[in-house]
Amino acid sequence: MILRDVFAKTVADLKAHNIEGAERDARALLAHAIDLPADRLTMEGDKVLTKEDLWRVSESVSRRCQGEPVARIIGQRLFWGRYFTITPDVLDPRGDTESLIEQALHKPADMILDLGTGSGCIGLTLLCEWSKAQLVATDISPPALSVAQENAERLGVTSRVTFLHADWASHPDLHQYKGGFDLIVSNPPYIADHELATLERDVRAFDPLIALSPGQNALAAYEIIAAQAKDFLVPKGRLIVEIGHRLGDAVQNIFSSHGYDEISVLKDFEQNDRVVACHKPPS
Ligand SMILES: C[S@@+](CC[C@H](N)C(=O)[O-])C[C@H]1O[C@@H](n2cnc3c(N)ncnc32)[C@H](O)[C@@H]1O
């Protein structure tokens, strides 16, 4: 079977399963399955696919038809212009999180702490943008840290990162950095247990639970981060976190009760509250 016909059949299969953006997804899945850049598919329309090619296409199309996101099937996600490897152990980086990057980039930082790094998409992006910066990245999930390490290697920034297996900032190796970070970033889990059922299936079924929910209290991680982060910031150092779009006031109140300064709630590209930024409490 030639590529052009396989493409047409893939689009038809995806449409039959009510997949929105069937053409776009078909391109991504085929390009990955037959290891061809997506912008060469049309050019190579007469290419005859091997039995192995067809098997890989059929396997990935059937996963997509069952609702698995394309990024999960192809194992990578484009974030702030760079590809990040993802596995079932990490959150699939969201476009919304790019709003946090946008805020962070307003002021350069030399020392960055990323709490709950997952794939590493936040901390490693900042390292790539600031060629002299150093990063310490923590996560409670050892397999997530392995994925972040792999991404650091692919992006060529390993020599500037320290990964720590830690419960937020609780790690003995972090003591040496007290008062030393210009910037602390985090996108913590913020969906309470009882809200998980309301999530779309492609979130609930494919992102790891530990990346989504801190347990019964959606604000639990913010309470811990607010309590811990101030000791690690330089004077005037910044703390920037992603939030659920209904949590702006609540997170602002938490940071305010811990004495943080210049607290602002910022919107994402779709005009939802998405980021809270503030400065270390004045001494
Ligand atoms: C919402 S995901 C964010 C991942 C990544 N930073 C991103 O923005 O795509 C939250 C991350 O926090 C990690 N995490 C959850 N509880 C944690 C804890 N107690 N200490 C450190 N990391 C934690 C999860 O393993 C997950 O990688």
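It should be noted that the structure appears before, not after, this text.
Cut-offs and rules
- Residues numbered from 1 in each chain as written.
- Predicted model: local features only at pLDDT ≥ 70, side-chain atom pairs only at ≥ 80, totals over all residues.
- Heavy atoms only, no water.
- Axes fitted to C-alpha atoms, helices over the stretch in contact; angles between N-to-C directions.
- Helix = DSSP H or I, 4+ residues; strand = E, 2+ residues; numbered from the N terminus.
- Parallel < 35°, antiparallel > 145°, perpendicular 65-115°, else oblique.
- Left-handed = near helix turned anticlockwise from the far one by under 90°.
- Contact = heavy atoms within 4.5 Å.
- Nonpolar A, V, L, I, M, F, W, Y, C, P; charged D, E, K, R; others polar.
- Near = heavy atom within 4 Å.
- Polar contact = N/O pair within 3.5 Å; in protein donor to acceptor, adjacent residues only side chain to side chain.
- Areas by Shrake-Rupley, 256 points an atom, 1.4 Å probe, with all protein chains shown as cover.
- Salt bridge = Lys/Arg side-chain N within 4 Å of Asp/Glu carboxyl O.
- Buried < 20%, exposed > 50% of the residue type's maximum accessible area, 1.4 Å probe, protein only.

Undergrad: Could you clarify how one ought to interpret the packing of helix 2 (residues 22-33) against helix 3 (residues 51-65) in this entry?
TA: Two quantities define a packed helix pair, namely the angle between the helix axes and the distance between the axes. Running from N to C, helix 2 and helix 3 cross one another at 140°; their axes reach a closest spacing of 9 Å. The angle between helix 2 and helix 3 falls in the class oblique. Once helix 2 is placed against helix 3, the crossing between them reads as right-handed. On helix 3, the residues touching Asp25, Leu29, Leu30 and Ala33 of helix 2 are Asp53, Arg56, Val57, Ser60, Val61 and Arg64. Grouping the amino acids of the contact of helix 2 with helix 3 by side-chain chemistry returns 5 nonpolar, 1 polar and 4 charged.

Undergrad: Sorry, what's going on with the site of the ligand here?
TA: In the vicinity of the ligand, 17 residues are found, and the nearest of them are Asp139, Asp167, Trp168, Asn187 and Ala211. Ile140 is positioned with one of its backbone polar atoms (N or O) 3.3 Å from a nitrogen atom of the ligand. Protein chains shield 95% of the accessible area of the ligand, which is 590 Å² for the free molecule. Contributions of two or more residues to the shell around the ligand are made by helix 6 (121-129) and helix 9 (209-212). Across the shell around the ligand, the residue classes tally to 9 nonpolar, 6 polar and 2 charged.

Undergrad: Teacher, can you tell me more about the pattern of salt bridges here?
TA: Oppositely charged side chains can form a pair if their charged atoms are brought close together. Inspection of every chain in the model, using the stated rule, returns 16 salt bridges. The salt bridge partner of Lys15 is Glu23, with a shortest N-O separation of 3.1 Å. For Lys15, a relative accessible area of 47% puts it in the partly exposed group. Classification of Glu23 as partly exposed rests on a relative accessible area of 38%. Asp25 serves as the salt-bridge partner of Arg64, at 2.8 Å between the closest nitrogen and oxygen. With Arg64 in helix 3 and Asp25 in helix 2, this pair connects stretches of sequence that are 39 residues apart. Classification of Arg64 as buried rests on a relative accessible area of 12%. Connected through shared salt-bridge partners, Arg24, Asp25 and Arg64 make up one network.

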